[in-house]
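# Understanding the architecture of this molecule
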Amino acid sequence: MSAADSRALLWLRRDLRLADHPALLAAADGGARVLPVFVLDEQLWVRAGEPRRALLAGALADLHARTDGALRVLSGDPRTVVPAAARAAGAGRVHVSGEFTPYGRGRDEEVAGRLAAQGVEWVVSGSPYAVSPGRVVKQDGTPYRVFTPYAKAWRQHGWRAPAARPRRVDWAAYDGPHVAPMPDMPAAAGLPTPTEAAAWRTWRRFRDEHLADYARDRDAPGTDATSRLSPYLHLGLIHPRSLLADVAGRRGAGVHAWRTELCWREFYADVLFHRPESAWGNLQPRFDRLAWDDGPDARRRLGRWQRGETGFPIVDAGMRQLAAEGWMHNRVRMITASFLVKDLHLPWQWGARFFLEHLVDGDLASNNHGWQWVAGTGTDASPFVRVFSPLRQAERFDPDGEYVRRWVPELRGLPGKAALEPWNHDAPEYVQRMVDHAEERAEALRRYEAVAGDDG
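A brief report on the enclosed structure follows. What you see is a predicted model, and the numbers here were worked out from it, not measured in a lab.

Criteria and thresholds
- Residues numbered from 1 in each chain as written.
- Predicted model: local features only at pLDDT ≥ 70, side-chain atom pairs only at ≥ 80, totals over all residues.
- Heavy atoms only, no water.
- Helix = DSSP H or I, 4+ residues; strand = E, 2+ residues; numbered from the N terminus.
- Buried < 20%, exposed > 50% of the residue type's maximum accessible area, 1.4 Å probe, protein only.
- Contact = heavy atoms within 4.5 Å.
- Areas by Shrake-Rupley, 256 points an atom, 1.4 Å probe, with all protein chains shown as cover.
- Lys, Arg positive; Asp, Glu negative; His and termini not counted.
- Charge placed at Lys NZ, Arg CZ, Asp CG, Glu CD.
- Pairing = 2+ DSSP bridges.
- Phe/Tyr/Trp six-rings, centres within 6.5 Å; stacked < 30°, edge-to-face > 60°.
- Lys NZ or Arg CZ within 6 Å of the ring centre and 35° of its normal.
- Salt bridge = Lys/Arg side-chain N within 4 Å of Asp/Glu carboxyl O.
- Right-handed = clockwise from strand over helix to strand, strands pointing away.
- Core = buried A, V, L, I, M, F, W, Y, C linked by side-chain atoms within 4.5 Å.
- Expected span 1.5 Å × (residues − 1).

### Focus: the overall build of the protein
For the protein, the helix and strand inventory stands at 19 helices and seven strands. The burial tally for the protein puts 58% of its 456 residues in the buried class. Here the contacts in the protein between residues at least 6 apart in sequence split such that 79% fall between residues at least 24 apart. Counting every atom, the protein has about 19400 Å² of accessible surface; 49% of that belongs to carbon and sulfur. Across the protein, the centroid of the 61 positively charged side chains sits 4 Å from that of the 58 negatively charged ones.

And the structure:
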């Protein structure tokens with residue numbers, strides 16, 4: 001069979017784009033016919049909340065149109081479905097972008113083995129990261145556990161230039177077993193437009209209007225000064241390497257701060273790669289003995305936190321933004337997480353699961369290790385003593401109460417800083433504070449000190 005007559009199955013995962021796509025470039029090499037497929041894996045679909053499912057559905061619909069209608073959605077277990085599709089299509093190669101989550105790695109290993117038994121080549125090109133997990137290690141070959149030295153090594157390592165776009169792709173539609181209808185999930189109000197073009201528009205707007213001042217403005221939730229790219233990065237509608245290339249040579253505090261935030265995403269992916277058990281278990285084993293609350297009362301407190309009815313305006317504003325938009329400002333993510341684990345003494349896993357169910361950008365590595373950073377069980381050396389005061393955080397990052405009033409309508413009658421401390425003003429419609437922060441801070445520190453010296 002000549003190269004022009006050959007068929008290559010392109011199994012798309014977190015790479016739903018056409019630009020800067022090494023796996024697509026490799027699949028189209030030599031004029032092969034490219035059959036694009038996406039497997040609707042129930043293991044992942046049922047764990048994603050409606051915002052992520054809606055974004056995925058929209059992204060698949062857009063990519064279907066941009067592949068001349070060739071993209072097919074398959075349904076079932078990828079370990080069975082992908083080898084069956086390769087066999088039915090007569091494909092000699094299956095092309096993918098690398099995957100690094102614990103589930104993805106195990107799944108891919110099994111698929112590759114079954115394909116090899118069929119005589120089908122498994123070709124991995126690229127990954128969802130500028131620097132793939134496992135590439136940046138210490139001089140002795142061990143992985144980094146602290147962000148700052150990792151970030152320095154990450155910058156020194158550098159990244160490849162964006163992949164060229166194929167001059168021509170001979171798209172072909174796979175119409176064998178396991179083909180399913182395209183998922184139909186209407187996007188809710190407030191969700192981002194789920195297209196590659198929208199991802200680039202979002203980036204360029206941020207780059208041109210906010211990047212220079214990002215270091216100064218990024219922590220203020222009342223301003224639209226962050227990139228809002230996380231949902232697009234999660235699904236691979238845009239690649240971080242493309243963004244880094246677009247600001248190559250630029251200097252300034254804003255550019256440095258933004259690159260650092262992108263590096264956090266890659267750091268957490270690297271930590272999870274080396275320590276897969278840390279997806280849901282404490283990275284630092286000594287905190288397995290940390291006392292968390294449980295039982296009916298704990299669940300009731302969890303419910304109030306989830307609904308944004310804690311009586312602390314900045315916390316409630318964040319939780320209500322999450323419910324309305326499937327997104328929350330990163331500073332407020334830290335504040336709401338700290339409140340759950342250090343004021344309510346509830347396990348970080350409870351909050352991490354809730355976030356993953358509701359965030360449109362829900363990413364296992366970034367979400368769960370971000371929660372561990374706040375909880376004090378993760379990569380930071382001594383973060384448990386860092387207990388965020390909801391009031392002090394609001395005073396610092398939302399001093400005029402703009403963000404709070406936007407999401408907590410009961411407080412819109414309170415001007416300025418009054419909205420941050422309604423217990424000192426007349427706000428009869430707003431709930432009373434559910435805890436005394438000073439008391440719970442002391443209790444959190446007491447629990448930490450009980451296990452701090454235990455090395456596990």
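### What to know about the pairing of strand β5 (residues 121-124)
Examined bridge by bridge, strand β4 (residues 93-96) and β5 share four bridges and lie parallel to one another. By the bridge assignment, Val 96 is partnered in β5 with Val 124.

### Description of unusual backbone geometry
Phi at Asp 68 is positive, roughly 60°, even though this residue is not glycine. Tracing the sequence through the fold places Asp 68 in the loop between α3 (50-66) and β3 (72-75). Phi angles above zero are rare outside glycine, and His 178 is one such case at about 75°. Structurally, the position occupied by His 178 is in the loop between β6 (170-171) and β7 (179-180).

### Examining the packing of aromatic side chains
Under the criterion given, the structure shown has 22 aromatic pairs. Ring centres 5.6 Å apart and planes at 90° place the aromatic pair Phe 206 and Tyr 214 in the edge-to-face group. Ring geometry for Trp 305 against Phe 355: centres 6.0 Å apart, planes inclined by 15°, an arrangement best described as stacked. Taken together, the positions of Trp 305 in helix α12 (residues 296-307) and Phe 355 in helix α15 (residues 348-358) put the pair 50 residues apart, joining distant regions of the chain. We note that Trp 305, like Phe 355, is buried. Within the aromatic cluster, the residues linked to one another by ring pairs are Tyr 144, Phe 147, Tyr 150, Trp 264, Phe 267 and Tyr 268. A cation sits over an aromatic face here: Arg 228 above Trp 327, 3.6 Å from the ring centre.

### A look at the pattern of salt bridges
Counting across every chain of the model gives 33 salt bridges. Residue Arg 114 is joined to Glu 110 by a salt bridge in which the shortest nitrogen-to-oxygen separation is 2.9 Å. Here the residue Arg 114 and the residue Glu 110 both occupy positions in helix α5 (residues 102-117), the gap between them amounting to four residues, near one helical turn. Looking at Arg 114, the relative accessible area reads 36%, which means it is partly exposed. Salt bridges sharing partners connect three or more residues here, namely Asp 293, Asp 297, Arg 300, Arg 301, Glu 443, Arg 446 and Arg 447.

### Side note on the pairing of strand β2 (residues 33-40)
By the criterion of burial, β2 is predominantly enclosed, with seven of the eight residues buried. Bridge count between strand β1 (residues 7-12) and β2: six bridges; the pairing is parallel. When the sheet's bridge partners are listed, Ala 8 is paired in β2 with Val 34. You can see the chain leave β1, run along helix α1 (residues 22-28) and come back into β2, and the turn it takes is right-handed. Here β2 pairs with β6 via two bridges, running parallel. When the bridges of β6 are listed, Arg 33 appears paired with Asp 170. Sheet analysis places β2 next to β3, joined by four bridges and oriented parallel. Paired with Val 39 across the two strands is Leu 74, which belongs to β3.

### Regarding the nonpolar core
With 112 residues, the main nonpolar core has Leu 16, Trp 203, Trp 258, Trp 305, Phe 355 and Trp 371 as its most contacted residues. Here the element with the most residues in this core is helix α11 (residues 253-274); it accounts for 11 residues. When near neighbours in sequence (up to four residues on either side) are disregarded, Trp 371 contacts Trp 305, Ala 337, Leu 340, Val 341, Trp 348, Gly 351, Ala 352 and Phe 355. One finds Trp 11, Val 39, Val 81 and Val 96 within the second-largest nonpolar core, a separate group that totals 19 residues.

### Some words on the environment of Ser 227
With respect to the element layout, Ser 227 can be found in the loop between α8 (214-217) and α9 (230-235). A sequence separation of 114 residues divides Ser 227 from Val 341, and the C-alpha atoms of the two residues are 28 Å apart.

### A word on helix α14 (residues 330-343)
Counted at 1.5 Å a residue, the expected span for α14 with its 14 residues is 20 Å, and the 19 Å between its end C-alpha atoms agrees. In terms of burial, α14 is largely enclosed, as 13 of its 14 residues are buried.

### Details of the side chain of Thr 226
Mapped onto the elements of the fold, Thr 226 is located in the loop between α8 and α9. Classification of Thr 226 by relative accessible area gives buried; the value is 14%. Aside from chain neighbours lying at most four places away, what touches Thr 226 is Phe 206, Tyr 214, Arg 218, Trp 327 and His 329.

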